[in-house]
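Working through the structure, step by step
Chain by chain, the residues:
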Amino acid sequence: MALDKPYKDIPGTTIFDADQSRLGYHLNQFCMSLMKAGNRARFKADERAYLDEWAMTEEQKQAVLARDLNWCIRLGGNIYFLAKIGATDGKSFQQMAGSMTGMSEEEYRNMMVAGGRSVEGNRVIGEDGDAQAHRQPQGRAGRKGSQ
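Residues numbered from 1 in each chain as written. Predicted model: local features only at pLDDT ≥ 70, side-chain atom pairs only at ≥ 80, totals over all residues. Heavy atoms only, no water.

Going by an unreviewed UniProt entry, the protein carries the name Protocatechuate 4,5-dioxygenase alpha chain and comes from Georgfuchsia toluolica.

Written as C-alpha cells, this is what we have:
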C-alpha cells in the first residue's frame, strides 16, 4: 500500500523519508565511516577504491566523487551524513550549503543573516501566497470549535 506523499509537491526539495532512507542506506553508511580518522585517510588516498568497498550504486559513487551534494540527496543521502564528506574535505557546513545553492560561502551567509531564502517560488505547487500566509496550525487552538 503506497503512502500519500503530499510533500512531493515542494519545488526543489527532497524529503528524507523512509523510501529515501532505503535508497541511500549504503551511501549514508559510507558517510558515517568517515567519522574514523583511518577511514578518512583511506578515502583521501584513493577515493574510488574506498567507494568500491561499499554497496553503493555507480551513480551514488559518481555523485560523491563529483561532491555534488544535491545529487547525493536525490540518491538517498541525508545532509547530516553527507556533512562527513565536507568535513573530510575541510569544508564547513556553511561552505557546503553555499555550494548546494550555487552561492559562494559569503553570499550564502549574507542571505541567511538577512532572513533566508524568499518563500516566493518555494511553496507547495498550486498553493498561493495568501493561503500559505493565513494557514492556521491544526493544534487545539487551530481546530474549529475548540476553545
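1. Things to note about the overall build of the protein
Note the cut-off: Helix and strand assignments come from DSSP, with helices taken as H or I runs of at least 4 residues and strands as E runs of at least 2, each series counted from the N terminus. In what follows, residue pairs with any heavy atoms lying within 4.5 Å of each other are defined as contacts. Computed with the Shrake-Rupley method and a 1.4 Å probe, the accessible areas treat only the protein chains shown as cover for residues.
Within the protein one finds ten helices and zero strands. From first element to last, N terminus to C terminus, the protein shows the α and β order α-α-α-α-α-α-α-α-α-α. For the protein, contacts bridging at least 24 residues in sequence account for 48% of all contacts bridging at least 6. Split by element, the accessible area of the protein, about 9800 Å² in all, is 53% carbon and sulfur.

2. Notes on the packing of aromatic side chains
Short version of the rule: Pairing of aromatic side chains here covers Phe, Tyr and the six-membered ring of Trp, requires ring centres within 6.5 Å, and sorts the geometry by plane angle: under 30 degrees stacked, over 60 edge-to-face, intermediate tilted.
By the definition in use, this model includes five aromatic pairs. With a centroid separation of 6.0 Å and an interplanar angle of 65°, the aromatic rings of Phe43 and Tyr50 are classed as edge-to-face. Members of the aromatic cluster, connected to one another through ring pairs, are Phe30, Phe43, Tyr50 and Trp54.

3. A few points about the state of the cysteines
Cut-off, in case you're wondering: In this description, the term disulfide denotes a pair of cysteine sulfurs within 2.5 Å. Classification of residues uses two cut-offs on accessible area relative to the type maximum, computed with a 1.4 Å probe and protein chains only: under 20% is buried, over 50% is exposed, and between them is partly exposed.
As enumerated under the stated definition, the model contains zero disulfides in all. Looking at the unpaired Cys31, the closest cysteine sulfur is the one in Cys72, lying at 6.8 Å. Given the relative accessible area of 1%, Cys72 is considered buried.

4. Observations concerning the packing of helix 7 (residues 79-88) against helix 8 (residues 93-101)
Test applied: Axis definition: a line fitted to C-alpha atoms, over the contacting stretch in the case of helices. Angles run 0 to 180 degrees between N-to-C directions. Oblique is the label for any angle not covered by the other classes, which are roughly parallel (under 35 degrees), roughly antiparallel (over 145) and roughly perpendicular (65 to 115).
Between helix 7 and helix 8, the least distance of the axes is 10 Å, while the angle of their chain directions is 105°. Comparing the axis directions of helix 7 and helix 8 gives the class roughly perpendicular. Contacts from Ile79, Leu82, Ala83 and Gly86 of helix 7 reach helix 8 at Phe93, Met96 and Met100.

5. A look at the nonpolar core
What counts is decided by this rule: By nonpolar core is meant a set of buried Ala, Val, Leu, Ile, Met, Phe, Trp, Tyr and Cys residues that side-chain atoms within 4.5 Å join together.
Among the nonpolar cores identified, the biggest contains 18 residues, and Leu27, Phe30, Phe43, Val64, Leu82 and Ile85 are the most heavily contacted of them. If sequence neighbours within four positions are ignored, Leu82 has contacts with Leu27, Cys31, Leu69, Cys72, Ile73, Gly77 and Met96.

6. Focus: the confidence of the model for the protein
The following threshold applies: Note on scores: pLDDT gives the predictor's confidence for each residue, bounded by 0 and 100.
Summing up the model confidence of the protein, the mean pLDDT is 82 and the portion of residues at 70 or higher is 80%. Low pLDDT, under 50, characterises residues 129-147; the predicted model gives this stretch seven contacts beyond four residues in sequence or across chains.

7. Examining helix 8
Taken residue by residue, helix 8 has Met96, Ala97 and Gly98 as its buried positions. Considering only its buried residues, helix 8 is in contact with helix 6 (69-74), helix 7 and helix 9 (105-113). Where helix 8 ends, the next residue or the one after it, Gly102, has phi of about 80°, a positive value.

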